[in-house]
Amino acid sequence: LFSLFLMALLCPADIPATIAGARRFVARIPWRRCSPYGATVATGVALFAARTWWFTGVFSLLYGTSLKNNDTGLRLRTIATAAPWQKIGHSLSSLIWMNEPPHPDPRALFVAAGVCAAAVALCQVPRLRQLPLALVIVTLGGCASAFLVHTHNYPGRMSIHVVPFAVAAVVLAVDRLTSSRTAITTGVKTPVTA
């Protein structure tokens, strides 16, 4: 699932996570570069399912996995029930705090803050919506699997793909939030857009 969100990195870094920025990117999606990437992901998925078929006789991505034990249960018919959302909350907490059972950990503070900054940017909060659209999409896309499945591993194992993007998001968020103060204290005019 995360591999699909990586296509957002084709978005130029100067496009902010504003609604206008998203429209601008969608209007000029580089289809010539997206198509080979999408085809490569689709081929990899098909080959993995074919490998499962070769050894088990079942053409599937998930046959023989621990999905039945780790499924959050989120489906269209269960979206309004509490049970899947409790599992999703546990799964997201575990992913963001990088430990199991999930609990706040100082070592994961930058990851948690980065995911929060990306979510707030997506909500169009002034200043933070100036974070790069690609970074916001990839950071939140790294958390998407937690809505469907939760795995119990050693600390950080299932979070490693989110770490660099979340840390970059929090560093840029701090820069955006402190940029006007820096301009005042240094006397240098810095354009700040809200």
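Residues numbered from 1 in each chain as written. Predicted model: local features only at pLDDT ≥ 70, side-chain atom pairs only at ≥ 80, totals over all residues. Heavy atoms only, no water.

Q: What is the right way to look at the layout of surface pockets in this model?
A: A probe as big as a water molecule, rolled over the atoms, marks out the empty space that is left. Computed from the structure, the largest pocket encloses a volume of approximately 1000 Å³. Along the walls of the largest pocket sit 39 residues, with Leu1, Phe2, Ser145, Val149 and Met158 positioned nearest its centre. If you list the elements that add at least two residues to the lining of the largest pocket, you get helix H1 (2-5), helix H3 (31-56), helix H4 (67-70) and helix H5 (82-97). Looking at the lining of the largest pocket residue by residue, the class counts come to 18 nonpolar, 17 polar and four charged. (1 Å grid on protein atoms, 1.4 Å probe; cavity = no way out; pocket = protein on both sides within 12 Å on 5 of 7 lines; lining within 4 Å. Points joined across faces, edges and corners; volume = space filled by probe spheres on them. Helix = DSSP H or I, 4+ residues; strand = E, 2+ residues; numbered from the N terminus. Nonpolar A, V, L, I, M, F, W, Y, C, P; charged D, E, K, R; others polar.)

Q: What am I meant to see in the side chain of Asn99 here?
A: One can find Asn99 in the loop between H5 and helix H6 (109-122). By relative accessible area, which is 6% here, Asn99 ends up buried. The contact partners of Asn99, leaving out residues within four places of it in the chain, are Ser94, Asp105 and Pro155. (Buried < 20%, exposed > 50% of the residue type's maximum accessible area, 1.4 Å probe, protein only. Contact = heavy atoms within 4.5 Å.)

Q: Could you clarify how one ought to interpret the pattern of salt bridges in this entry?
A: Pairs can form between side chains of opposite charge once their charged atoms are near each other. One pass over the structure, following the stated rule, counts three salt bridges. For Arg107, the salt bridge goes to Asp105, with nearest N and O atoms at 2.7 Å. When its relative accessible area of 72% is taken as the criterion, Arg107 is described as exposed. Assessed through its relative accessible area of 11%, Asp105 is described here as buried. Between Arg176 and Asp175 there is a salt bridge whose closest N-O contact spans 3.2 Å. According to the relative accessible area criterion, Asp175 is partly exposed, its value standing at 40%. (Salt bridge = Lys/Arg side-chain N within 4 Å of Asp/Glu carboxyl O.)

Q: Got a minute to help me understand the nonpolar core in this structure?
A: Grouped burial of nonpolar side chains is what soluble globular proteins tend to show. If you look at the biggest cluster of nonpolar residues, it comprises 13 residues, and the most contacted ones within it are Cys11, Leu131, Leu133 and Val136. For this core, the secondary-structure elements that each account for two or more residues are H6 and helix H7 (133-141). In this structure, Cys11 is in contact with Phe25, Leu133 and Ala134, ignoring residues within four places of it in sequence. Core analysis: the second largest hydrophobic core is formed by twelve residues, Ile96, Val115, Val162 and Ala166 among them. (Core = buried A, V, L, I, M, F, W, Y, C linked by side-chain atoms within 4.5 Å.)

Q: What exactly am I supposed to notice about the environment of Phe2 here?
A: Residue placement: Phe2 occurs in helix H1. The exposure class assigned to Phe2 is buried, which follows from its relative accessible area of 19%. Once the C-alpha coordinates of Phe2 and Ala144 are considered, the two residues, 142 residues apart in sequence, prove to be 7.3 Å apart.

Q: What is the right way to look at the environment of Val58 in this model?
A: Within the secondary structure, Val58 sits in the loop between H3 and H4. For Val58, the residues in contact, after removing those within four places along its chain, are Ala49, Thr52, Trp53 and Tyr63.

Q: Honestly, the packing of H6 against H7 in this entry has me stumped. Any pointers?
A: Working note: a packed helix pair is described by the angle between its axes plus the distance between those axes. Viewed as axis vectors pointing N to C, H6 and H7 meet at an angle of 120 degrees, and their least axial separation amounts to 9 Å. In terms of orientation, H6 and H7 fall into the oblique class. H7 is crossed by H6, and the crossing has left-handed handedness. Of the residues in H7, those in contact with Gly114, Val115, Ala118, Ala119, Ala121 and Leu122 of H6 are Val136, Thr139 and Leu140. (Axes fitted to C-alpha atoms, helices over the stretch in contact; angles between N-to-C directions. Parallel < 35°, antiparallel > 145°, perpendicular 65-115°, else oblique. Left-handed = near helix turned anticlockwise from the far one by under 90°.)

Q: How should I be thinking about the packing of aromatic side chains in this particular structure?
A: Here a ring pair, both rings aromatic, is described through the centre-centre distance and the interplanar angle of the planes. Here the structure, examined in full by the defined rule, presents two aromatic pairs. Pairing Trp85 with Phe147 gives two aromatic rings, centres 6.2 Å apart and planes at 80 degrees, and the pair type is edge-to-face. Taken together, the residues Trp85 in helix H5 and Phe147 in the loop between H7 and helix H8 (163-186) connect sequence positions 62 residues apart. A relative accessible area of 37% means that Trp85 is categorised as partly exposed. (Phe/Tyr/Trp six-rings, centres within 6.5 Å; stacked < 30°, edge-to-face > 60°.)

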